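# Inside the fold
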Amino acid sequence: MMKFPGYSLISSFTPFHCIILKKQRRLSALDFSSNNPTKSRRTLSVCATKQQLHNINTQIQMGGQQYRPPLFSVAPMMEWTDTHYRTVARIISKHAWLYTEMLAAETIVYQQENLDRFLAFPSEQHPIVLQIGGNNLDNIAKATQLANAYGYDEINLNCGCPSAKVAGHGCFGVRLMLDPKFVGEAMSVIAANTDVPVSVKCRIGVDDHDSYNELCDFIYKVSSLSPTKHFVIHSRKALLNGISPADNRRIPPLKYEYYYALLRDFPDLRFTINGGIDCVDEVNAALREGAHGVMVGRAAFNNLWSTLAHVDSAVYGVPNSGLTRRKVLEQYQVYGDAVLGTYGNNRPNIRELIKG
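Just so you know, these numbers come straight off a predicted model, no measurement behind them.

### Looking at the overall build of the chain
- A tally of regular secondary structure across the chain gives 17 helices and eight strands.
- Within the chain, the fraction of its 356 residues that count as buried is 53%.
- Considering only residue pairs separated by 6 or more positions, the chain has 74% of its internal contacts joining residues 24 or more positions apart.
- Carbon and sulfur atoms make up 51% of the accessible area of the chain, which totals about 15,800 Å².

### Some details on helix α12 (residues 280–289)
- With seven of 10 residues buried, α12 is to be regarded as a mostly interior element.
- For α12, the full list of buried residues reads Val280, Glu282, Val283, Asn284, Ala285, Ala286 and Leu287.
- Taken from the residues just after α12, Gly290 is the one with a positive phi, measuring 120°.

### A closer look at the packing of aromatic side chains
- Enumeration over the complete set of coordinates arrives at nine aromatic pairs.
- With centroids separated by 4.7 Å and ring planes inclined at 45°, the aromatic side chains of Phe121 and Tyr152 adopt a geometry described as tilted. You can see Phe121 sitting in the loop between α5 (115–119) and β3 (128–133) and its partner Tyr152 sitting in the loop between α6 (137–148) and β4 (154–159), a full 31 residues away along the chain.
- Residue classification places Tyr152 among the buried residues on the basis of a relative accessible area of 6%.
- Among the aromatic residues, those joined into a ring-pair cluster are Trp80, Tyr85 and Phe301.

### Digging into the side chain of Thr272
- Its place among the elements puts Thr272 in strand β7 (residues 270–274).
- When its relative accessible area of 1% is taken as the criterion, Thr272 is described as buried.
- Engagement of the side chain of Thr272 in a polar contact is seen with the side chain of His230, the distance being 2.9 Å.

### A word on the sheet that holds strand β8 (residues 293–296)
- The strand order around the closed barrel built from eight strands is β1-β2-β3-β4-β5-β6-β7-β8, with neighbouring strands paired in parallel fashion. Averaged over all pairs of adjacent strands, the angle between strand axes in this sheet comes to 25°, irrespective of strand direction.
- As paired strands, β3 and β4 are joined by four bridges and run parallel to one another. Looking across to β4, one finds that Gln131 is bridged to Asn156.

### Observations concerning the pairing of strand β6 (residues 230–234)
- Counting buried residues in β6 gives five out of five residues, a clear majority hidden from the surface.
- Going residue by residue along β6, you find His230, Val232 and His234 tucked away on one face and Phe231 and Ile233 tucked away on the opposite face as well.
- Relative to β6, strand β5 (residues 198–203) runs parallel, the two sharing five bridges. Across the sheet, residue Arg203 finds its bridge partner in β6, namely His234.

### Comments concerning the nonpolar core
- Core analysis: the largest hydrophobic core is formed by 97 residues, its most contacted members being Phe72, Phe218, Ile219 and Phe271.
- By residue number, the principal contributor to this core is helix α11 (residues 256–265), which donates seven residues.
- Excluding residues within four positions of it along the chain, Phe72 makes contact with Ala96, Trp97, Val283, Val294, Val296, Thr307, Leu308, Val311, Val315 and Tyr316.

### Looking at the packing of helix α3 (residues 83–92) against helix α16 (residues 325–339)
- Packing of α3 against α16 brings their axes to within 10 Å, and their N-to-C directions diverge by 145°. Note on packing geometry: the crossing formed by α3 with α16 is right-handed. Residues Thr83, His84, Thr87, Val88, Ile91 and Ile92 of α3 form the contact with α16, whose participating residues are Val328, Gln331, Tyr332 and Tyr335.
- Across the contact of α3 with α16, the residue classes tally to six nonpolar, four polar and no charged.

### Comments concerning the pairing of β7
- With five of its five residues buried, β7 lies for the most part within the structure.
- Judged by which residues are buried, β7 turns out to be covered on both faces: Arg270, Thr272 and Asn274 on one side and Phe271 and Ile273 on the other are all buried.
- As paired elements, β6 and β7 share five bridges and run parallel to each other. Paired with Phe231 across the two strands is Phe271, which belongs to β7.
- Sheet analysis places β7 next to β8, joined by three bridges and oriented parallel. From the neighbouring strand, Ile273 faces β8, where its bridge partner is Val294.
- Handedness of the crossover joining β7 and β8 through α12 is recorded here as right-handed.

### Describing the environment of Pro252
- When you line up the elements, Pro252 lands in the loop between α10 (245–248) and α11.
- Separated by 14 residues in the primary sequence, Pro252 and Ala238 place their C-alpha atoms 7.0 Å from one another.

### A few points about the confidence of the model for the chain
- When pLDDT is averaged along the chain, the result is 84; 79% of the residues meet or exceed 70.
- Note that pLDDT drops below 50 for residues 3–13; the model gives that stretch 44 contacts with residues more than four away or on any other chain.
- Below pLDDT 50 for its whole length, residues 21–65 participates in 86 contacts with residues either more than four positions away or in separate chains.

### Observations concerning unusual backbone geometry
- Cis geometry marks the peptide bond from His126 to Pro127, where omega comes out at -5°.
- Mapped onto the secondary structure, Pro127 falls in the loop between α5 and β3.
- In this structure, Asn346 takes a positive phi of about 60° despite not being glycine.
- Positionally, Asn346 belongs in the loop between α16 and α17 (350–353).

What counts and what doesn't
- Residues numbered from 1 in each chain as written.
- Predicted model: local features only at pLDDT ≥ 70, side-chain atom pairs only at ≥ 80, totals over all residues.
- Heavy atoms only, no water.
- Helix = DSSP H or I, 4+ residues; strand = E, 2+ residues; numbered from the N terminus.
- Buried < 20%, exposed > 50% of the residue type's maximum accessible area, 1.4 Å probe, protein only.
- Contact = heavy atoms within 4.5 Å.
- Areas by Shrake-Rupley, 256 points an atom, 1.4 Å probe, with all protein chains shown as cover.
- Phe/Tyr/Trp six-rings, centres within 6.5 Å; stacked < 30°, edge-to-face > 60°.
- Polar contact = N/O pair within 3.5 Å; in protein donor to acceptor, adjacent residues only side chain to side chain.
- Pairing = 2+ DSSP bridges.
- Axes fitted to C-alpha atoms, helices over the stretch in contact; angles between N-to-C directions.
- Core = buried A, V, L, I, M, F, W, Y, C linked by side-chain atoms within 4.5 Å.
- Left-handed = near helix turned anticlockwise from the far one by under 90°.
- Nonpolar A, V, L, I, M, F, W, Y, C, P; charged D, E, K, R; others polar.
- Right-handed = clockwise from strand over helix to strand, strands pointing away.
- pLDDT = per-residue confidence, 0-100.

Here you go:
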């Protein structure tokens, strides 16, 4: 569940509110300042200074000029980063970039009569990136066209998911890394059907195709064949031998050196680092090392408050919202009560609003 340890609300009791009360956990240890010891498996250095972060801010260009650049983003996570999670994340941080769950292009195309359920989001969730997946150029084009009306700030193609359903039976996700020419064509199709920036999220390799030269070949071909200038790099390879997605986030070793080499070898492109970065201190350390942006995954869900509460001040150098955890929950309670059952057939229900 999305954790706000130690607090329970005591205002008017609605069905949604009662569930929030039941879900609260006692506070054991808060890390508001994120003063965690350095982790032995990391080589990232100490926090960047505010002046260094200011310099980074001024160097990064995005299509959505009204938003701050994606120094910090929350990774797309299937069954987790839905609109309900993004709502509470945005209450906590006003500047973190948020990603949707991956949506298959076929789902968007075949659900044209029900698109709001999949694509609609409150305007407060900006800046927000739509991630799509697929291996059919026609469906990718149609899905992009259908998504335009919803006003996403960027469209990202999933070339990193290793699950059997996606990369195995579906033949997309990380398996697309084995066909950079197709990915270049897909990105050209996406770019031709939208006015917002496009990007790719990928791993550093697949199975035995894991050399740095092969990664460079993928980046070079995709960026040469399409207008893609932004790549999100999960700094592990993927293993397609039947292990679970969870094991694919744990067993392949992190190779941050691949990521930093890309910064050197492709100076005209933008790269966001992903994988194994769990707190704001580590985000700032990566930025100091030269990362253009940092994407945080499971930590942003499992430890929602401690991960996001200081993003605005510590990463972007602007004041936090000033909200306490209690106030965050009160605002989310209002949202939850408003959206219960609005899709019909009792969807969304309380279980979907409070995952546990």
